[in-house]
Amino acid sequence: MEKLIITLAHTGNVPTKALNPHTPVTIDEIVEDIKTCRELGAAVAHIHVRDEEEKPTSRRDLFEKVLKGLDEEKVDIIRQVSTGARGGENTIEWRGQMLDLPGAEMASLSTGSSNFPTSVNANSPELIESLAKKMYDHGIKPEIEAFDVGMIDNARRLLKKGILKGPIHFNFVMNVPGAIAGTPKNLMHMVECLPQGSTFNVSGIGRSQVNMITMAILLGGHVRTGLEDVIKYDKDTLATNAMLIERVVRIAKELGREIATPDEARKILGI
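Being a predicted model, the structure only gives us computed values, none of them experimental. Residue indices begin from 1 for each chain and proceed along its sequence in written order. In keeping with the model being predicted, local features are shown solely for residues with a pLDDT of at least 70 and side-chain atom pairs are shown and tallied solely at 80 or more, while totals for entire chains, interfaces and linings include all residues. Computation of side-chain values: all heavy atoms of the structure, hydrogens and water removed.

A few points about the overall build of the chain
Basically, it comes down to this: The way it works is that DSSP assigns letters per residue, a run of H or I at least four long becomes a helix, a run of E at least two long becomes a strand, and they are numbered from the N terminus. Taken over C-alpha atoms, the radius of gyration is set against a globule rule of 2.2 Å times the number of residues to the power 0.38. For each residue, the accessible area found with a 1.4 Å probe, counting protein chains only, is set against the maximum for its type, and the residue is called buried under 20%, exposed over 50%, and partly exposed in between. Every residue pair with non-hydrogen atoms within 4.5 Å of one another is taken to be in contact. Every accessible area reported is derived by Shrake-Rupley at a probe size of 1.4 Å, with residue values counting cover from the shown protein chains alone. We score Asp and Glu as negative and Lys and Arg as positive, and we do not count His or the chain ends. Where a charge lies is defined by one atom per residue type, namely NZ (Lys), CZ (Arg), CG (Asp) and CD (Glu).
Within the chain, the regular secondary structure consists of nine helices and 14 strands. For 271 residues, the compact-globule formula gives about 18 Å, and the C-alpha radius of gyration of the chain, at 17 Å, lands near that figure. Here the C-alpha coordinates of the chain stretch approximately 45 × 40 × 40 Å along the principal axes. Per-residue burial over the chain gives 53% buried out of 271 residues. Counting only contacts in the chain whose residues sit at least 6 apart along the sequence, the fraction spanning at least 24 positions is 73%. In the form shown here, the chain has an accessible surface area of approximately 11700 Å², with 52% of it arising from carbon and sulfur atoms. Computed over 33 positive and 37 negative side-chain charges, the separation of the two mean positions in the chain equals 4 Å.

Some points on the packing of aromatic side chains
Note the cut-off: Any pair of Phe, Tyr and Trp rings, taking the six-membered ring for Trp, is counted once the centres come within 6.5 Å. Such a pair is stacked with planes under 30 degrees apart, edge-to-face with planes over 60 apart, and tilted for the rest. In this scheme, Lys NZ or Arg CZ marks a charge over a ring once it lies within 6 Å of the ring centre and within 35 degrees of the ring normal.
The full count for this structure, using the stated rule, is three aromatic pairs. When the ring of Phe-170 is compared with that of Phe-172, the centres are 6.4 Å apart and the planes differ by 45°; the resulting orientation is tilted. For Phe-172, a relative accessible area of 0% translates into the label buried. Here the aromatic residues Phe-170, Phe-172 and Phe-200 are joined through ring pairs into a cluster of three or more. Positioned above the aromatic ring of Tyr-136, the side-chain terminus of Lys-165 is 4.7 Å from the ring centre.

Section: the pairing of strand β2 (residues 44-47)
Definition in use: A pair of strands counts as paired when DSSP detects no fewer than two bridges linking them. If the strands point away from the viewer and the path from the first strand over the helix to the second runs clockwise, then the crossover is right-handed.
Side-chain alternation along β2 places Val-44 and His-46 on one buried face and Ala-45 and Ile-47 on a second face that is also buried. Summarising the sheet, strand β1 (residues 6-9) and β2 pair through three bridges and their orientation is parallel. The residue of β2 that forms the bridge with Leu-8 is Ala-45. Handedness of the crossover joining β1 and β2 through helix α1 (residues 27-40) is recorded here as right-handed.

Considering the side chain of Thr-11
Using the following cut-off: The definition of a polar contact used here is a pair of N or O atoms within 3.5 Å, where within protein one atom must be able to donate a hydrogen and the other to accept one, and adjacent residues in sequence count solely through side-chain atom pairs.
Position of Thr-11 among the secondary structure elements: in the loop between β1 and α1. Looking at Thr-11, the relative accessible area reads 0%, which means it is buried. A distance of 2.7 Å separates the side chain of Thr-11 from the backbone oxygen of Pro-24, its partner in a polar contact. Ignoring any residue separated from it by four or fewer positions in sequence, one finds Thr-11 in contact with Thr-23, Pro-24, Ile-30, Arg-50 and Glu-228.

Description of the layout of surface pockets
Keep this limit in mind: Cavities and pockets are defined on a 1 Å grid built over the protein atoms alone: a cavity is a set of grid points where a 1.4 Å probe fits but cannot escape, while a pocket is an open set with protein on both sides within 12 Å along at least five of seven lines, and lining residues are those with an atom within 4 Å of any such point. Grid points are joined across faces, edges and corners, and a volume is the space filled by probe spheres set on the points. Think of it as three bins: nonpolar holds Ala, Val, Leu, Ile, Met, Phe, Trp, Tyr, Cys and Pro, charged holds Asp, Glu, Lys and Arg, and polar takes everything else, Gly as well.
Here the largest pocket is characterised by a volume of approximately 850 Å³. Contributions of two or more residues to the lining of the largest pocket are made by β6 (106-110), α4 (125-137), α7 (209-218) and β13 (232-234). Its residues placed into classes, the lining of the largest pocket shows 18 nonpolar, 14 polar and 11 charged.

A word on the packing of α7 against helix α8 (residues 241-255)
The test is simple: Geometry is summarised by axes, namely lines fitted to C-alpha atoms with helices restricted to the contacting stretch, and by angles between N-to-C directions that run from 0 to 180 degrees. Roughly parallel here means an angle under 35 degrees, roughly antiparallel means over 145, roughly perpendicular means 65 to 115, and every remaining angle is called oblique. Here a crossing is called left-handed whenever its near helix is offset anticlockwise from the far helix by less than a right angle, and right-handed whenever the offset is clockwise.
As a packed pair, α7 and α8 sit with axes 10 Å apart at the nearest point and diverge in direction by 40°. The angle between α7 and α8 falls in the class oblique. Considering the relative orientation of α7 and α8, their crossing is right-handed. Every residue of α8 that contacts α7 at Gln-209, Val-210, Ile-213, Thr-214, Ile-217 and Leu-218 is listed here: Arg-247, Val-248, Ile-251, Ala-252 and Leu-255. Classifying every residue of the contact of α7 with α8 gives eight nonpolar, two polar and one charged.

Structural notes on the sheet that holds strand β11 (residues 199-204)
Read once around its circumference, the closed barrel built from eight strands follows the order β1-β2-β5-β6-β9-β10-β11-β12, with strand pairing classed as parallel. Averaged over all neighbouring strand pairs, the angle between strand axes comes to 25°, with direction disregarded. One ladder, built from five bridges, connects β6 with strand β9 (residues 141-146); its direction is parallel. Residue Ala-107 lies in a different strand from β9, and its bridge partner there is Pro-142.

What about unusual backbone geometry?
Leaving glycine out, the prevailing phi sign among residues is negative, and the prevailing peptide bond configuration is trans. In this model, Gly-166 is joined to Pro-167 through a cis peptide bond whose omega is -5°. By the element assignment, Pro-167 lies in the loop between α5 (149-161) and β10 (169-174). In this model, Lys-74 sits at a positive phi of 55°, which is unusual for a non-glycine residue. The residue Lys-74 is located in the loop between α2 (60-72) and β5 (78-81) in this model. Accessibility expressed as a relative area gives 74% for Lys-74, which makes it exposed.

Structure follows, in structure tokens:
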């Protein structure tokens, strides 16, 4: 079985200092958290940024500062920038403005629209294709964010059209209210729907975290964890990103999966 790739989702769009004071929101905090979690076993950093009011944003200058900060700290980790829908306009100019930055190796790409608890995760066909083109134009590997089975089917269609290039790497975002529930049956179904040769990552949101992580490890997939996906470590304890990475490493060790280094992850993902 392949070594396990651990992705750190350090901040996301939802957590705030008020919800969890450990949430990294400044450039320095984000860089420091990524550095710490790399040392603990993370091979990929799924990077979100916040503006001066802690609000999610796609601002190019803030992504650039994070990437430069990682360079300055000599952090060898796969840098995956987020093109997520919150915090701005649903245009290629806004959502994809960071895709030409030096050092970006991967980027998230949702291949459909879905619901968030209080808003719509809107991704039009034109936007999806434009983001994919810009990623490939700049040598960036997309990670397909699948919030439901239909997004896997759409990725298959885009692969046939030549808009996506195989092998595809997926991230199953499971248990977001309004999207697919984080259950073993649903995860098995999503894995069975993958195009041949694909790799996959699993993000278990909230209470589904440990179950989905454990199943992904057993199925030969990879995992994502971090404060974007779960704010509490358990019902009584606020999490830190370091605690969440350490838990994945511990579960993987008990299940007999070795942890991939960034270079090993690059080879597995075809970067």
